[in-house]
Structures are given as structure tokens and as C-alpha cells.
Amino acid sequence: MEPTILAVLAQNAHDVGASDVVACGSTLGNLLRFIRGEDKQFRFLVELIEGAVFFIRRENTPHELIPDVKGYGHSFPEAYTTWDAEVKGSVSHQRVLSYRFGGLGFLVRFEGDGYIEGEDEKGSYIGISKATEGNAKDAVDGLAVALDQSRVAAIAPSTSSELMVSSVGRLINQERIFDLKTRSIRRKEAATFEDTFAEQLPRLWVSQVPKFILAYHDRGIFEDITVKDAREDVKSWERDQADVLSRLAALIHHIVDLVKSRPDGKLELRHVKVGSLEVREQLADAGDALSDAARVLWAKERGTYDGVASERDDLDYGQDDDDDEDAFGWDERSEPDFTACSADDCGYCGRCSY
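Residues numbered from 1 in each chain as written. Predicted model: local features only at pLDDT ≥ 70, side-chain atom pairs only at ≥ 80, totals over all residues. Heavy atoms only, no water.

A. Seen up close, the environment of Asp39. The residue Asp39 is located in the loop between helix H2 (25-35) and strand E2 (42-49) in this model. Assessed through its relative accessible area of 59%, Asp39 is described here as exposed. Each C-alpha atom, one on Asp39 and one on Val274, is 5.6 Å from the other, the two residues being 235 residues apart in sequence. (Helix = DSSP H or I, 4+ residues; strand = E, 2+ residues; numbered from the N terminus. Buried < 20%, exposed > 50% of the residue type's maximum accessible area, 1.4 Å probe, protein only.)

Listed below in C-alpha cells is the structure:
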């Protein structure tokens, strides 16, 4: 999360003083899936930093390999998208947006699949035809402009622990960002039909991505490609899911209140079964969301720095949230050690005595 914060502070494009929650598409998406009753396990850390509550992903190691992965998921972006010259060699494109939801200010990081070049102020495409008008090939050709001049060059990851911030390139308007999914043409057939676009609407809502590209391939050849403006569909989904989103807002408020009531301003959330969200203490070696230097910069930008970066004054030790527990199936255990585990059972860290 620290690279996100340093990038935001360097650009000065967001009012961080108005940010109540700092999260990513993954953590917010996990909470939304929990509210919707979906059976997907997750865990993430929660930390209070200078009055803002951070949701930090706690996933498996990035070095873990997924065996027997097959398909053409990377073939389309490798062939039909390109990196701008200033960011060639990048592994991913992370974006940050801010919005208000449920009375809280959010700063949200998410990964963008790309953007459509050449869109004028009225929203029409220059050099790219909408595939929804029946010209999928032109849409693909437009995305492939200057491919040969800007191919991604593979580079070895840095072994340095020092985080460097560089200002290059140009800002891309959120209205031009797209999300991309590729599927086998067999998933479009009646017997095995899969409504991929409808499945992605919750994620598009979280990240407020306005465009969606769905590319079907037949044995690796992409010929059925749709470029869709998803804004009206996302608004319609938001209206239909008003009750779900209301409960999501209440849940996030509850999490904020819980972490503010903690002496150390830290928690871990874990979802292992439908309808139950466990609240645990963090292990002592779980680490901090921000380094001391980044914490000072964050405090100064929020106007809370007094020489010692601390959220002690923000903690509310007397708040009682018992009335909300049953509604969300919270499991706030009273045992002295919430995180007693083993590496075999949960894969948390493998360093505790259990």
C-alpha cells in the first residue's frame, strides 16, 4: 500500500484529508462478496493511520505458482495492447481514484487493463470503431496502434528494498479506462452460456471502470470482440443492489469503529465460511502498512502531524458496537490469542508457536 500513498502524495491529485478509508479493489470486492453471500475465502489487515483506516491485502505469496494453467488469457493483451514508451517494462498498471460511499471518503487502488487512445471530449472514438456497432476488427486495430514501436521489454525485478518514485508520462482520464476479459467461444454457446459481463458488474462498480472489452477466441484466434460502454449498466446494477450496498456501507462503518476502538489500531479480518466474518488480532510481526517516513508524509498531508506521527488521539476506547454484531455474523472471539494457527492449517506465516 505504501507505493500507492507515495504516488498519491507526489501527484497531489486527491484530497487525502477527506479520505476515511484507504483500500483496493480486492479488499472492497471481498467485503461486497461477503455481503452478497458468496463462498470465497479471504483475509486482510486493517490499520488506523492518522485517522484513516487502511485495508491491506493479505494474500498468498506472490512467488506461489498455479499449476496446470491453460488458455489464452494473456494472448489478447500481448497482441493488441501496448505500453506507452515512458512505462515500458512495467509489470502492471495501478490506478487510484477517490469517491464517497455511505458517508465515507474512499481512496481506492485498482489495476487497470488499459485505456482507449484517441477519445475526444464528446466521448466518440478517433481511429477506433465501437465493436458493438459490428466492427470488432477496427476496435482491435485501434488498440494495436504503434505496437511494434512500444512492445513491452521483459526486465528483471529489482532486488533493492528502496522505493523510488518517478514522475513520467501523462495522466489518463478515468473515462478512457477499460477492463478486459477473454473467454473461449464455447462459453457463448447455449449449452454452456456464461454471462461474463453481468458477473463483472460488481467489480466495475468498485473501480468505477466505464468500458468493458470481452474477447472470445476459437482455439486461440480472437474474432468475436465487443467494446462496451458499461456506465449505464453499472448505474442500473447499483439501483438494483441498493439493499446490498446499504449493508456494505454499514459493515464498513462497523469495521472503522472496531479498529478505532483497538489500543493498537490494528485488526485482521478473515472470511472462511458463508455468513461469518472473523475479527482477529494481528500477529506482532504482521508489519505496518506504512514505513515511519511515509507515515510522517501522510500525517503532514492530512494536517495531523505534530512531530510524532500517531493516531492515539483518534482512538475511541469507549465505543460499544454490540448492537451491530448479529446482523453481519461477526465472530469477535474472547480468547486471549486470536491468531493461534499453524502454517499447515491456514498458511498465515508459519512463525508462531502453534
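Resuming the write-up.
B. Examining the pattern of salt bridges more closely. The tally for this structure, following the rule as stated, stands at 17 salt bridges. For Arg231, the salt bridge goes to Glu175, with nearest N and O atoms at 2.6 Å. Taken together, the positions of Arg231 in helix H6 (residues 231-240) and Glu175 in the loop between helix H4 (136-143) and strand E7 (177-184) put the pair 56 residues apart, joining distant regions of the chain. According to the relative accessible area criterion, Arg231 is partly exposed, its value standing at 34%. With a closest N to O distance of 3.5 Å, Glu281 and Arg262 form a salt bridge. Of this pair, Glu281 sits in the loop between strand E11 (276-280) and helix H8 (292-302) while Arg262 sits in the loop between helix H7 (242-260) and strand E10 (266-273); the two residues are 19 residues apart in sequence, bridging distant segments of the chain. Glu281 sits in the partly exposed class, given a relative accessible area of 26%. (Salt bridge = Lys/Arg side-chain N within 4 Å of Asp/Glu carboxyl O.)

C. A look at unusual backbone geometry. The phi angle at Glu50 is positive, at roughly 50°, despite the residue not being glycine. Structurally, Glu50 can be placed in the loop between E2 and strand E3 (52-57).

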